[in-house]
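# Chain and residue survey
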Amino acid sequence: MDKHQKIRSFVAPVVFLVVWGGLLWYRSQTRMEFYNSGYQETMGTFVQITVAAQGQRQAQRFFAAAFAEIDKVNRTMNDWDPNSEISQLTQTAHLSPVTVSPELFEIIAASVEYSKLSDGAFDITVGPETQLWRQMQQTHQQPSPEVLMAARAKVGYEKLTLDPEKRTVRFAVEGMKLDVGAIAKGYAVDRATEALKQQGAVSGMVDLSGNVRCFGKGITPNGLWLIGLQNPRKTDTVLLKLHLNDMSVATSGDYERYVEVDGKKHSHILNPKTSESVGELPSVTIIAPTAMQADALSTTVSVLGKEKGLALIESIPCAAAIVTTAAEPEKPIQTSGATQFIFSNN
Ligand code: ADP
Ligand code: MG
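Residues numbered from 1 in each chain as written. Chains lettered and ligands numbered in written order. Predicted model: local features only at pLDDT ≥ 70, side-chain atom pairs only at ≥ 80, totals over all residues. Heavy atoms only, no water.

## With respect to the sheet that holds strand 5 (residues 160-163)
In a beta sheet, neighbouring strands are held together by backbone hydrogen bonds and run either parallel or antiparallel to one another. One open sheet holds the three strands; their spatial order is 4-6-5, and the pairing between them is antiparallel. Two strands bound the open sheet, and with one partner strand each, they are strand 4 (98-99) and strand 5. Across four bridges, the pairing between strand 5 and strand 6 (residues 168-171) is antiparallel. When the sheet's bridge partners are listed, Thr-161 is paired in strand 6 with Arg-170. (Pairing = 2+ DSSP bridges. Helix = DSSP H or I, 4+ residues; strand = E, 2+ residues; numbered from the N terminus.)

## Some remarks on the packing of helix 5 (residues 127-139) against helix 6 (residues 145-152)
Relative to each other, helix 5 and helix 6 sit at 145°, their axes nearing to 8 Å. For the crossing formed where helix 5 meets helix 6, the hand is right-handed. Here Pro-128, Glu-129 and Leu-132 of helix 5 come into contact with helix 6, specifically with Val-147, Leu-148, Ala-151 and Arg-152. When its residues are assigned to classes, the contact of helix 5 with helix 6 shows five nonpolar, no polar and two charged. (Axes fitted to C-alpha atoms, helices over the stretch in contact; angles between N-to-C directions. Left-handed = near helix turned anticlockwise from the far one by under 90°. Contact = heavy atoms within 4.5 Å. Nonpolar A, V, L, I, M, F, W, Y, C, P; charged D, E, K, R; others polar.)

## Points about the side chain of Thr-76
Checked against the element boundaries, Thr-76 lands in helix 2 (residues 56-77). Take Thr-76: its relative accessible area is 14%, and that puts it in the buried class. (Buried < 20%, exposed > 50% of the residue type's maximum accessible area, 1.4 Å probe, protein only.)

## Re the coordination of the magnesium ion (ligand 2)
Surrounding the magnesium ion (ligand 2) are the protein donor atoms Ala-182 (O), Asp-295 (O), Asp-295 (OD) and Thr-299 (OG1), which sit 2.1 to 2.6 Å from the metal. Within one chain, the residues serving as donors to the magnesium ion (ligand 2) are arranged as A-x112-D-x3-T. Remark: Thr-299 and Asp-295 occur in helix 8 (residues 291-304); sequence separation between them is four residues, near one turn of the helix. The residues Asp-295 and Thr-299 share a single accessibility class, namely buried. (Donors = N, O, S within 2.8 Å, 3.2 Å for Na, K, Ca; no water.)

## Notes on the site of ligand 1
Near ligand 1, the surroundings consist of 18 residues, among which Asp-179, Ser-252, His-268, Leu-270 and Thr-299 are the closest. Contact between ligand 1 and Gly-181: an oxygen atom at 3.5 Å from a main-chain N or O atom of the residue. Looking at the shell around ligand 1 residue by residue, the classes come out as eight nonpolar, five polar and five charged. (Near = heavy atom within 4 Å. Polar contact = N/O pair within 3.5 Å; in protein donor to acceptor, adjacent residues only side chain to side chain.)

## Section: helix 5
When the terminal C-alpha atoms of helix 5 are compared, their 18 Å separation across 13 residues agrees well with the 18 Å that a helix rising 1.5 Å per residue should span. Those residues of helix 5 not exposed but buried are Gly-127, Pro-128, Glu-129, Thr-130, Leu-132, Trp-133, Arg-134 and Met-136. The elements touched by buried residues of helix 5 are helix 6, strand 12 (258-261) and strand 13 (264-267). The first or second residue beyond helix 5 is His-140, which carries a positive phi of 55°. (Expected span 1.5 Å × (residues − 1).)

## Quick word on the pattern of salt bridges
Throughout the structure, instances matching the rule amount to eleven salt bridges. With a closest N to O distance of 3.0 Å, Asp-79 and Lys-177 form a salt bridge. Here Lys-177 lies in the loop between strand 6 and helix 7 (184-198) and Asp-79 lies in the loop between helix 2 and helix 3 (85-92), a separation of 98 residues in the sequence. For the pair formed by Asp-79 and Lys-177, the shared burial category is buried. Each of Glu-69, Lys-72 and Arg-191 takes part in one network of salt bridges that share partners. (Salt bridge = Lys/Arg side-chain N within 4 Å of Asp/Glu carboxyl O.)

## Things to note about helix 8
The first and last C-alpha atoms of helix 8 sit 20 Å apart over 14 residues, in line with the 20 Å expected at 1.5 Å per residue. Of all 14 residues in helix 8, twelve are buried; the element is thus mostly enclosed. Listed as buried for helix 8 are Ala-291, Met-292, Ala-294, Asp-295, Ala-296, Leu-297, Ser-298, Thr-299, Thr-300, Val-301, Ser-302 and Val-303. Gly-305 lies just past helix 8 and shows a positive phi near 85°.

Next comes the structure, spelled out in C-alpha cells:
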C-alpha cells in the first residue's frame, strides 16, 4: 500500500463517521416533540404549558420565559398583596391621578371597554363588593343590607378616569377598589403565549386554571388542539370536547368557587349593581382569539345570564359561547359560531 492509499483508507471512514454523526445530531436538533411543564402553582391556582420543542433543554427555556411573564402579571395585579402595583394604586388614586405601568393601564383600559359593552355587568371596580364576599368566606354570614349599600356606592366604572396619554388612573370616590380577577388570568396567558413565540416556539398551549390559549400545530393527528369542557354538575366527566387552532377558551362557573351560607351557594361572580352572586348559568365557556377576551367575556356572560349574554356574544364576530343552564346543566346551549369548534359531545 502506497502512502496515498494509506491516507485514503484512513480518511474515508473518518469522513463517513463525521457525516453520519452530523446527520444524527441534525435529526435530534430538528425533531420536534411535545413537552409538558406539569402543574405549577401561580396566581392562587395552577398553570400548565405544553410546547413543541427540539429537546428538553429548549422546552425548559420556553417554560421559563412563559412562567416569568405570568409571575410578572401576578406581582402587578395581585390585590391580596398590599405591595403590588394594583394595591398601591387603590390606596392613593382618590387623592390625585396615579401613573401606572403599561401592563396595568392596558388591563384597566380593556376592562372599561368590557364594562361599556355590557352596561356594567362586567366591572373591575367591583372590589368593595368582592371584599365582602371574601369576608363571607370567613364568617359564613351575609353582610347587612346597609353594609352592602355602602359598598355599592364605591362601585362603578364611570367613577374611573383614565388618561391614556399620561397613563394615569384616578378614582372619583375614596374607598374604591379594583379587582381584576375576571381578566388578569387571561391577560397572563396572552403574555405567556407571546413569550413562548418570542423564544421561537412554533406551537404550544398555555392553560391557567381553565384559561387556555393554543397556537400552531396541535397534538391531534389533524394538527388541532383538543380541549375538554367539564360537566359543571359532575366535574369528573367531560361535557364536550372542542378542537381548535390559534384560539383561546375560558370557562367561568359557579361550581368551583362559592361560599355556602344557610344552605345557599354564593358564587364568586357578582352582579355589581345588586351585590348578589349570579346563579343562572352553572358554566359559561367563551372561545375567542385572545385569552383576555375569553376570560372577560366568560365573566360578563355569567352576569348577563342566558338571553342577554348569548345575544351579546352573537353580536361579536370573533367570539363564540357555550353555556349550561341550572335547569338542564347537561344540555349545553351555544351561539352559532361555536358549532365549528365542537369535536364531540360526551
Ligand atoms: P375564575 O377566576 O374562576 O376564572 P372569572 O374569570 O369569572 O372566574 O373571575 C371571577 C372573579 O372576578 C371573582 O373572583 C372576582 O374577583 C371578580 N369578579 C366578580 N364579579 C365580577 C364582575 N361582575 N365583573 C368583574 N369582575 C368580577
Ligand atoms: Mg373571567
